[in-house]
Every structure is written in structure tokens, then in C-alpha cells.
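# Summary of the model geometry
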Amino acid sequence: MLILNLGTEEWIREDYTSTTGSGISFTIYTEEKMVNVKNLSGYTLIIKFLDQDGTIWYEFDADVVSAVGGTGEFLPKIGELDMNYIGEIEVELTGTNEILSARGTNGSGKLRVR
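This one's a predicted model, so the numbers in the text were calculated from it and none came from an experiment.

### Section: the nonpolar core
If you look at the biggest cluster of nonpolar residues, it comprises 24 residues, and the most contacted ones within it are Ile 24, Ile 28, Ile 47, Phe 49 and Leu 93. Among the secondary structure elements, those contributing two or more residues to this core are strand 1 (2-6), strand 3 (24-29), strand 4 (44-50), strand 5 (56-66), strand 7 (85-95) and strand 9 (110-113). The leading source of residues in this core is strand 7, at 4 residues. If sequence neighbours within four positions are ignored, Ile 24 has contacts with Leu 6, Trp 11, Ile 47, Phe 49, Gly 72, Glu 73, Phe 74, Leu 81 and Leu 111.

### Section: the packing of aromatic side chains
Throughout the structure, instances matching the rule amount to 6 aromatic pairs. Where Phe 60 meets Phe 74, the ring centres are 4.8 Å apart and the plane angle is 15 degrees; that geometry is what we call stacked. Here Phe 60 is found in strand 5, whereas its partner Phe 74 is found in strand 6 (residues 71-74), with 14 residues between them in sequence. No difference in accessibility class separates Phe 60 from Phe 74, as the two residues are buried.

### Focus: the pairing of strand 1
Burial analysis of strand 1 places 4 of its 5 residues in the buried class, which makes it a mostly covered element. Pairing of strand 1 with strand 8 (residues 98-103) involves 2 bridges; the strand directions are parallel. Across the sheet, residue Leu 2 finds its bridge partner in strand 8, namely Ala 102. Pairing of strand 1 with strand 3 involves 4 bridges; the strand directions are antiparallel. Paired with Leu 4 across the strands is Ile 28, a residue of strand 3.

Quick notes on the rules
- Residues numbered from 1 in each chain as written.
- Predicted model: local features only at pLDDT ≥ 70, side-chain atom pairs only at ≥ 80, totals over all residues.
- Heavy atoms only, no water.
- Core = buried A, V, L, I, M, F, W, Y, C linked by side-chain atoms within 4.5 Å.
- Buried < 20%, exposed > 50% of the residue type's maximum accessible area, 1.4 Å probe, protein only.
- Helix = DSSP H or I, 4+ residues; strand = E, 2+ residues; numbered from the N terminus.
- Contact = heavy atoms within 4.5 Å.
- Phe/Tyr/Trp six-rings, centres within 6.5 Å; stacked < 30°, edge-to-face > 60°.
- Pairing = 2+ DSSP bridges.

The following block contains the structure:
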């Protein structure tokens, strides 16, 4: 299981920008201690917004920021996240002949959009 650690616990829906570093950033680790990052080379990423029951509300393509650093980011377009949301984020990694999922542990994947 891969572990997701979001770079923020909250994102303000008026903060739309195309500038990297202003979206919903995350790091993916290979273990729960969050020491060793997952190399994202060759993967495409999908960020999924889940409600408290695990139902997918929204999913969007996300970008790899640093493959060897295990970091990615989702830059919402204007109006794309025009909602109040509290829930868990999951990132799906698709590579050659594999699909992997990264989820938070101990709150590391929880996000609030307001």
C-alpha cells in the first residue's frame, strides 16, 4: 500500500491559479513511516475526492511535479472545485501493466475545501 501525504489540510476555492505550488500538492511514500518516496517516473496520476463513506465525488488528472521526489499536484481550473468539501483524497497511479492507489494514514490524506 502506498501512503499519501497532502501538502495542505485546506484549500480555498477562490484560490484558482495556473501557477505550480498553488494547487493541492501531495507526496507519495512507499511505507507508513513516510520516509521513502515512491518514484513516479512513468506514471499518470488521478486525484480522487472521496466522501466519508468512500464514495468518489470527483476525480481529475493530476501532474507529477518531481518524479524522483514522489510529488504531484492538482491545479483546479476556475469553477472546478466550487463546493464545500471535507473528506479523504486518494491518488491513483497508472503505469505499464499496473494501477496503484495511495491513501492517507492518520489524517495525512484529509482535505477541506471551502
